[in-house]
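# A look at the structure
One-letter residues, chain by chain:
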Amino acid sequence: MNPLVDAFLQQSTPWRAEMARLREDFKWGKPCYATEQGNVAIIQPFKPHCAA
C-alpha cells in the first residue's frame, strides 16, 4: 500500500470509508486501483457521490 493514499484519505472527509476500501496506488493525485494490465479505477470524491 502506498503511504500517499493514507495521506490523501486523511484529508478527504466525504466518502473516506468507501475510498479506503478501494485503494492500491496513488496516481495523478488520486488513489488508483491497477492490475498488471493497466488502471482499473481512479477513486475521486465529488460533493454528492464518490466515483471510481
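Just so we're clear, the structure is a prediction, and the values are computed from it rather than from any experiment.

## Looking at the nonpolar core
- In terms of nonpolar packing, the biggest core is built from five residues, these being Val-5, Phe-8, Leu-9, Met-19 and Ile-43.
- Broken down by element, the residue count for this core peaks at three residues, all from helix α1 (residues 3-11).

## Focus on the sheet that holds strand β2 (residues 30-35)
- One open sheet accounts for three strands, arranged β1-β2-β3; its pairing is antiparallel. Of all the strands in the sheet, the pair left with one neighbour each is β1 (25-27) and β3 (38-42). On average, each strand axis in the sheet is tilted by 50° relative to the strand beside it, whichever way the strands run.
- As paired elements, β1 and β2 share three bridges and run antiparallel to each other. Bridging across to β2, Phe-26 finds its partner in Pro-31.
- Set on the sheet, α1 makes contact with β1 and β2; between it and β1 the angle comes to about 75°.

Analysis parameters
- Residues numbered from 1 in each chain as written.
- Predicted model: local features only at pLDDT ≥ 70, side-chain atom pairs only at ≥ 80, totals over all residues.
- Heavy atoms only, no water.
- Core = buried A, V, L, I, M, F, W, Y, C linked by side-chain atoms within 4.5 Å.
- Buried < 20%, exposed > 50% of the residue type's maximum accessible area, 1.4 Å probe, protein only.
- Helix = DSSP H or I, 4+ residues; strand = E, 2+ residues; numbered from the N terminus.
- Pairing = 2+ DSSP bridges.
- Axes fitted to C-alpha atoms, helices over the stretch in contact; angles between N-to-C directions.
- Contact = heavy atoms within 4.5 Å.

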